[in-house]
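Here is what each chain is made of, one letter per residue.
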Amino acid sequence: MLKNSLYINKVILFCICLIFSLPLFGQNKPLWLDANSRNAQFPKDVFITGFAEGNTNAGENTQKAIERTTTAAQSALLENLRVVVSSTTSSKTVSISQNENYDEYSTFLSSSEKSANAEIIGMNVETYYDKSNNTVYAFSYVSKADLFNYYKKQIILDLNKIETALGVSEQLAAAGKKISAFRKCDEVKNLFKSIEFYQDLLVAVNSQADDDALQTERSKDLAHTISQRLINLEQSTFVYVDCKYEYKGGKDDAFDSDPNIICDIVKQAFSENDCSIVEDDAEADYTLTLTAYTTQRSDGTGKLSIISYYANVKGTLYNKITNKKTVDFSIFNDPNTYAAGKSPEDAATKAFKLPALKQKILEKVLSKMKN
């Protein structure tokens, strides 16, 4: 019985020693150290890979050597991706590796490498340090399926950004701010280059990619829309409108403060006539100065028993290109620009909003701006 107990204790002690001594035998070498094993475990039709190895430099600790070799393995993967894309696009009329966009594509890969590409596109990196020969090995890999999903997502994100910019541009143009509308479209047009790159990458990792993934038709339609919008906006005449209000004193003043009515009306009218309202006078082709004021037509006593006011406007159009005054006009007590109301403010407000007043101003200046 005692012999059996001693035997069991010896077995237990041996097992404990064996467990704690395992690390002393060294870490098992990963299969990917061998090129044939790497190719079998990570076939090229499913994965894009990168491999690097190197010794620790003088005065360099192991961790630094691992980091340096890891970066080299990531770079090797990106270079292999470049080769895949170049071979895929070589049959195209415009090849990434031979056209003016090559530098941009190289920058694209470089920036991907510098911006934690492993997190962006699902790159995995494994490392191994062999103490026996003081060598660090690193292996990076990413599945083409993961890349496919990432590039597909990026195409959709860029196209959504363009559509959003178009919507904002439409709102700005409708508000008469066509130069801002132009800039909004102009700032997203370069996204089409990014989309083309991602489309090429998508085909490189999956030659069977369909239009649902590539978004080719949607991209073409948006590119045409942006191009046409920029042309239309660029052909606009840029106008800076400077509005003032003049008080005559006494009964002729329908308002106690500037009503700010005619300025918005004129800006909207210019926008509807292919003009762009700018906020900076230095950007304008023309500067239009408007001075609005009122005169009383009837005070509500006498036979008429109504309160009515004229909306009057003095204007000057200055050509910024020729540095000359182009138009000088005055609309004063015009029979088509008065209105009646419950109060002086009500009557004058209606008068300034009359289509006839807006039309008279446009007749004075539009022909000079278009010729």
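Residues numbered from 1 in each chain as written. Predicted model: local features only at pLDDT ≥ 70, side-chain atom pairs only at ≥ 80, totals over all residues. Heavy atoms only, no water.

### Section: the packing of helix 8 (residues 191-205) against helix 10 (residues 216-234)
1) Next: Running from N to C, helix 8 and helix 10 cross one another at 165 degrees; their axes reach a closest spacing of 11 Å. As judged from the angle between their axes, helix 8 and helix 10 are roughly antiparallel. Between helix 8 and helix 10 lies a crossing of left-handed hand. Along its contact with helix 8, which presents F192, I195 and Q199, the element helix 10 presents T216, S219, L222, A223 and I226.
2) Next: Considered class by class, the residues forming the contact of helix 8 with helix 10 number 5 nonpolar, 3 polar and no charged. (Axes fitted to C-alpha atoms, helices over the stretch in contact; angles between N-to-C directions. Helix = DSSP H or I, 4+ residues; strand = E, 2+ residues; numbered from the N terminus. Parallel < 35°, antiparallel > 145°, perpendicular 65-115°, else oblique. Left-handed = near helix turned anticlockwise from the far one by under 90°. Contact = heavy atoms within 4.5 Å. Nonpolar A, V, L, I, M, F, W, Y, C, P; charged D, E, K, R; others polar.)

### What about the packing of aromatic side chains?
1) Next: Tallied over the full model, the rule gives 17 aromatic pairs.
2) Next: Relative to F51, the ring of W32 lies with its centre 6.2 Å away and its plane at 70 degrees, an arrangement referred to as edge-to-face. Here F51 lies in strand 1 (residues 47-55) and W32 lies in the loop between helix 1 (2-21) and helix 2 (35-41), a separation of 19 residues in the sequence.
3) Next: According to the relative accessible area criterion, W32 is buried, its value standing at 3%.
4) Next: A relative accessible area of 26% places F51 in the partly exposed class.
5) Next: On the basis of an interplanar angle of 80 degrees and a centroid distance of 5.1 Å, the ring pair of F42 and F47 is categorised as edge-to-face. Taken individually, F42 and F47 each receive the classification buried, so the pair is uniform in this respect.
6) Next: In textbook terms, an aromatic cluster arises when at least three aromatic residues are bridged by ring pairs, as seen for W32, F42, F47, F51, Y128, Y137, F139 and Y141.
7) Next: The lysine or arginine in question, R38, covers the ring of F51, its NZ or CZ lying 3.9 Å from the ring centre. (Phe/Tyr/Trp six-rings, centres within 6.5 Å; stacked < 30°, edge-to-face > 60°. Buried < 20%, exposed > 50% of the residue type's maximum accessible area, 1.4 Å probe, protein only. Lys NZ or Arg CZ within 6 Å of the ring centre and 35° of its normal.)

### Looking at the state of the cysteines
1) Next: A complete count under the given rule lists 1 disulfide for this structure.
2) Next: Across the disulfide from C243 sits C263; the S-S distance is 2.1 Å. Since a negative S-S torsion denotes a left-handed disulfide, the C243-C263 link at about 85 degrees is right-handed. Here the residue C243 occupies a position in strand 4 (residues 237-245), and C263 occupies one in helix 11 (residues 262-271), the gap between them amounting to 20 residues. (Disulfide = S-S within 2.5 Å.)

### Digging into the sheet that holds strand 2 (residues 124-130)
1) Next: Within the open sheet, the 3 strands sit side by side as 1-3-2. Their pairing is antiparallel. Either end of the sheet is taken by a strand with one partner, and the two such strands are strand 1 and strand 2. Taking the axes of each pair of neighbouring strands and ignoring which way they run, one obtains an average angle of 15 degrees across the sheet.
2) Next: Docked against the sheet, helix 6 (residues 144-174) engages strand 1 and strand 3 (135-143), running at close to 55 degrees with respect to strand 3. (Pairing = 2+ DSSP bridges.)

### What about helix 10?
Count 3.6 residues to each turn of an α-helix, and residues three or four apart come out pointing the same way.
1) Next: With 19 residues, helix 10 extends 27 Å from end C-alpha to end C-alpha; this agrees with the ideal 27 Å at 1.5 Å per step.
2) Next: Tucked into the core, helix 10 has its buried residues touching helix 6, helix 7 (178-186), helix 8, strand 4 and strand 5 (275-277). (Expected span 1.5 Å × (residues − 1).)

### Here we look at the confidence of the model for the protein chain
Detailed reading of predicted coordinates is not advised where the pLDDT is low.
1) Next: Per-residue confidence for the protein chain gives a mean pLDDT of 83, with 82% of residues at or over 70.
2) Next: In this model, residues 91-102 is a region of pLDDT below 50 whose contacts with residues beyond four sequence positions or in other chains number 16 contacts.
3) Next: Segment residues 111-119: pLDDT under 50, and 10 contacts once partners within four positions in sequence are set aside and those in other chains are kept. (pLDDT = per-residue confidence, 0-100.)

### Re the side chain of K144
1) Next: Turning to its location among the elements, K144 is positioned in helix 6.
2) Next: Here K144 sits buried without a salt bridge, and the closest side chain of opposite charge, D45, lies 6.9 Å off (N-O distance).
3) Next: Once you skip the residues sitting within four places of it in the chain, K144 turns out to touch K44, D45, V46, F47, I48 and V205. (Lys, Arg positive; Asp, Glu negative; His and termini not counted. Salt bridge = Lys/Arg side-chain N within 4 Å of Asp/Glu carboxyl O.)

### Quick word on the pattern of salt bridges
1) Next: Per the stated rule, a full pass over the model turns up 15 salt bridges.
2) Next: Between R183 and E283 there is a salt bridge, with the nearest N and O atoms lying 2.6 Å from each other. Here E283 lies in the loop between strand 5 and strand 6 (286-299) and R183 lies in helix 7, a separation of 100 residues in the sequence.
3) Next: A salt bridge links K184 to E187, with the nearest nitrogen and oxygen atoms 3.0 Å apart.
4) Next: Salt bridges here are not isolated pairs; linked through shared partners, they connect E246, K248 and K314.

### Looking at a negative patch on the surface
1) Next: A contiguous patch of negative charge, built from D210, D211, E217 and D221, is present on the exposed surface.
2) Next: Structurally, D210 can be placed in the loop between helix 8 and helix 9 (211-214). (Patch = residues over 30% accessible without salt bridge, like charges linked within 9 Å, V, L, I, M, F, W, Y side chains within 5 Å. Areas by Shrake-Rupley, 256 points an atom, 1.4 Å probe, with all protein chains shown as cover. Charge placed at Lys NZ, Arg CZ, Asp CG, Glu CD.)

### Details of the side chain of T337
1) Next: Mapped onto the elements, T337 comes out in the loop between strand 8 (324-331) and strand 9 (338-341).
2) Next: Its relative accessible area of 0% is what places T337 among the buried residues.
3) Next: Among residues more than four places away in sequence, those in contact with T337 are Y309, Y310, A311, I331, A351, L354, L357 and K360.

### Focus on unusual backbone geometry
1) Next: The phi dihedral of N260 falls on the positive side, at around 55 degrees, and the residue is not glycine.
2) Next: Position of N260 relative to the elements: it lies in the loop between strand 4 and helix 11.
3) Next: Not every positive phi belongs to a glycine, and N323 is a case in point at roughly 55 degrees.
4) Next: Looking at the element boundaries, N323 is found in the loop between strand 7 (307-319) and strand 8.

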